[in-house]
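Listed below, chain by chain, are the residues.
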Amino acid sequence: MTNQVWTVGRILKWTENYFKEKGIESPRLDAEVLLAHVLKQERIYLYVHFDEPMEAEELAAYRECIKKRVMHVPVAHILGEKGFMGLTFKVTADTLVPRPDTEILVQAAVDRLRSLQESGAGAEKRHIADIGTGTGAICLSVLHYLEGTMADTVDISPAARAVAEENAEALGLKDRVTFHTGDLLQPLQGMTFAAILSNPPYIPEKDIEALAPEVRLKEPHTALSGGKDGLDFYRRLAKDAPAMLTDGGFMALEVGIHQAEDVAKLAKANPLITETEILPDYAGIDRVVVAWRNRPEKMQAEPAEGTGDNEKAENAGTEED
Ligand code: SAM
Ligand code: GLN
């Protein structure tokens, strides 16, 4: 670096090039997001202050962020938070960073729960479970958008549970959630739910090596590995969750690429499941499986996203997990 003044514009350009050199996937975006974070401003601020010189402390703080990012620490871990469903969630190295794809699951759950509740909700239609809650992104978003809904969450990681609890508190939802630490449905034995939601670990063990270093090295392995074929958690959920659904309730599961048909089949193998739906994500990849225990007739007439079993959207997107 020369002793020219480091303006916002100049440091951004330098960082973008450095990130590119180091193989960071979105160099310009990351440079901007991190600088906006250091300056405690929105990204748009950078564009109207290109010529503004940086203070020494700001430069020092930005340099720390740059160092972490080239070590493949995810941007969300550096910021300590991630936006999801229009809300902000604290994230740490103990939690999966909530992904945009998971918003499909939340939206599907909110739509269906709202219809269930509008069709004459008893208290039992207002209680949901979120299995493998991580930051709490799924269940806390559902609670935020559906007043009066209550939730129980489970995660095997006490550290993740602590983060989810902090998020519940920050979002003003603490009184509507009960947190459990344990193995899948085990802590919820004897309870029933209108919806059981889960984004379980689903990466096949052999595919973990090929994940981006940000995911493979920096996110918890317990949040990613779904066993040999990636379907371990679906097998267990398909076997045990339907008996914990109220009549007319559903299970909604996020799935990885090429897993939707297998997961729907696993769900249908449970005699309590009468109908399944497969919903695509924005890239056209089948992303969510909904499995109903006696879908109410009223709701069969107008499926929310129009992608029932027989009218599954064509896969047109790029292949991603
Ligand atoms: N629900 C969050 C989300 O969508 O962003 C996190 C999903 S992450 C893919 C899976 C989560 O399941 C992790 O938080 C992990 O700790 C948890 N998990 C892994 N094995 C589990 C088990 N046997 N029982 C309960 N939770 C488990
Ligand atoms: N979608 C995540 C990824 O590709 C995986 C999350 C999961 O296993 N449920 O990194």
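Computed from a predicted structure; not experimentally measured.

Here we look at the overall build of the chain
Part 1 of the reasoning: Within the chain, the secondary structure is distributed over 12 helices and 9 strands.
Part 2 of the reasoning: For 321 residues, the compact-globule estimate of 2.2 N^0.38 gives 20 Å, and the C-alpha radius of gyration of the chain, at 22 Å, lies within 12% of that figure.
Part 3 of the reasoning: Along the longest, intermediate and shortest principal axes, the C-alpha atoms of the chain span 70 × 40 × 35 Å.
Part 4 of the reasoning: If you take every contact in the chain between residues at least 6 apart in sequence, the share linking residues at least 24 apart comes to 67%.
Part 5 of the reasoning: For the chain, the accessible area works out to roughly 15200 Å², and carbon and sulfur atoms hold 51% of it.
Part 6 of the reasoning: A gap of 3 Å separates the mean positions of the 35 positive and 53 negative side-chain charges of the chain.

Some remarks on the sheet that holds strand β9 (residues 286-292)
Part 1 of the reasoning: The mixed open sheet is built from 7 strands, whose spatial order is β5-β4-β3-β6-β7-β9-β8. Both outer strands of the open sheet, β5 (177-181) and β8 (275-280), are each paired with one neighbouring strand and no more. Looking at each pair of strands side by side, their axes are set apart by 15 degrees on average, direction ignored.
Part 2 of the reasoning: Strand direction decides the pairing type here: strand β4 (residues 150-155) and β5, joined by 5 bridges, are parallel. Pairing of Asp155 across the sheet is with Thr181, part of β5.
Part 3 of the reasoning: Strand contacts of helix α10 (residues 232-240): β3 (127-131), β6 (193-198) and β7 (245-254), with the helix running at about 175 degrees to β7, the strand carrying the most contacts.

Observations regarding the site of ligand 1
Part 1 of the reasoning: Ligand 1 sits among 19 residues. The nearest are Gly132, Asp155, Asp183, Leu184 and Asn199.
Part 2 of the reasoning: Here a nitrogen atom of ligand 1 and a backbone polar atom of Thr133 are 3.3 Å apart.
Part 3 of the reasoning: Asn199 has a polar side-chain atom sitting 2.9 Å from an oxygen atom of ligand 1.
Part 4 of the reasoning: In isolation ligand 1 has 600 Å² of accessible area, and contact with the protein removes 96% of it.
Part 5 of the reasoning: Judged by the proximity of its atoms to the pocket grid, ligand 1 belongs to the second largest pocket.
Part 6 of the reasoning: Residue classes in the shell around ligand 1 are distributed as 9 nonpolar, 8 polar and 2 charged.

A closer look at the layout of surface pockets
Part 1 of the reasoning: Approximately 1500 Å³ is the volume found for the largest pocket.
Part 2 of the reasoning: For the largest pocket, the lining is made up of 45 residues, of which Lys82, Val97, Arg99, Pro100 and Val215 are closest to its centre.
Part 3 of the reasoning: At the level of secondary structure, the elements contributing two or more residues to the lining of the largest pocket comprise α2 (27-39), α5 (75-79), β1 (81-84), β2 (87-90), α6 (102-118) and α9 (213-216).
Part 4 of the reasoning: Looking at side-chain class alone, the lining of the largest pocket contains 23 nonpolar, 8 polar and 14 charged residues.
Part 5 of the reasoning: Empty space within the second largest pocket amounts to approximately 490 Å³.
Part 6 of the reasoning: Taken together, 32 residues make up the lining of the second largest pocket; nearest its centre are Gly132, Thr133, Gly134, Asp155 and Asn199.

Re the site of ligand 2
Part 1 of the reasoning: Taken together, 10 residues lie around ligand 2, and Arg99, Asn199, Pro200, Pro201 and Tyr202 are the ones closest in.
Part 2 of the reasoning: Within the side chain of Arg99, a nitrogen or oxygen atom sits 2.8 Å from an oxygen atom of ligand 2.
Part 3 of the reasoning: A distance of 2.7 Å is found between a nitrogen atom of ligand 2 and a backbone nitrogen or oxygen belonging to Pro200.
Part 4 of the reasoning: A majority-of-atoms criterion places ligand 2 in the largest pocket.
Part 5 of the reasoning: Looking at side-chain class alone, the shell around ligand 2 contains 7 nonpolar, 1 polar and 2 charged residues.

A look at the pattern of salt bridges
Part 1 of the reasoning: One pass over the full model with this rule turns up 22 salt bridges.
Part 2 of the reasoning: Here Lys90 makes a salt bridge to Glu166, at a shortest N to O gap of 3.1 Å. Residue Lys90 is located in strand β2, and its partner Glu166 is located in helix α8 (residues 158-170); the two are separated by 76 residues in the primary sequence.
Part 3 of the reasoning: With relative accessibility at 31%, the residue Lys90 sits in the partly exposed group.
Part 4 of the reasoning: Residue class for Glu166 comes out partly exposed when judged on its relative accessible area of 42%.

Comments concerning helix α7 (residues 137-145)
Owing to its 3.6 residues per turn, the α-helix brings residues three or four apart onto one side.
Part 1 of the reasoning: When you tally the buried positions in α7, you get 7 out of 9 residues, the bulk of the element.
Part 2 of the reasoning: When we look at burial in α7, the residues that qualify are Ala137, Ile138, Cys139, Leu140, Ser141, Val142 and Leu143.

Points about the confidence of the model for the chain
Part 1 of the reasoning: Here the chain shows a mean pLDDT of 92. Residues at 70 or above account for 91%.
Part 2 of the reasoning: This stretch, residues 306-320, has a pLDDT under 50; its non-local contacts, to residues over four places away or in other chains, come to 31 contacts.

Examining the side chain of Asn167
Part 1 of the reasoning: Note on placement: Asn167 falls in helix α8.
Part 2 of the reasoning: Sequence-distant contacts of Asn167, defined by excluding residues within four places in its chain, comprise Thr88, Phe89, Lys90, Thr135 and Leu140.

So, how was this worked out
- Residues numbered from 1 in each chain as written.
- Chains lettered and ligands numbered in written order.
- Predicted model: local features only at pLDDT ≥ 70, side-chain atom pairs only at ≥ 80, totals over all residues.
- Heavy atoms only, no water.
- Helix = DSSP H or I, 4+ residues; strand = E, 2+ residues; numbered from the N terminus.
- Rg over C-alpha atoms; globule rule 2.2 N^0.38 Å.
- Contact = heavy atoms within 4.5 Å.
- Areas by Shrake-Rupley, 256 points an atom, 1.4 Å probe, with all protein chains shown as cover.
- Lys, Arg positive; Asp, Glu negative; His and termini not counted.
- Charge placed at Lys NZ, Arg CZ, Asp CG, Glu CD.
- Pairing = 2+ DSSP bridges.
- Axes fitted to C-alpha atoms, helices over the stretch in contact; angles between N-to-C directions.
- Near = heavy atom within 4 Å.
- Polar contact = N/O pair within 3.5 Å; in protein donor to acceptor, adjacent residues only side chain to side chain.
- 1 Å grid on protein atoms, 1.4 Å probe; cavity = no way out; pocket = protein on both sides within 12 Å on 5 of 7 lines; lining within 4 Å.
- Sits in = over half its atoms within 2 Å of the grid points.
- Nonpolar A, V, L, I, M, F, W, Y, C, P; charged D, E, K, R; others polar.
- Points joined across faces, edges and corners; volume = space filled by probe spheres on them.
- Salt bridge = Lys/Arg side-chain N within 4 Å of Asp/Glu carboxyl O.
- Buried < 20%, exposed > 50% of the residue type's maximum accessible area, 1.4 Å probe, protein only.
- pLDDT = per-residue confidence, 0-100.

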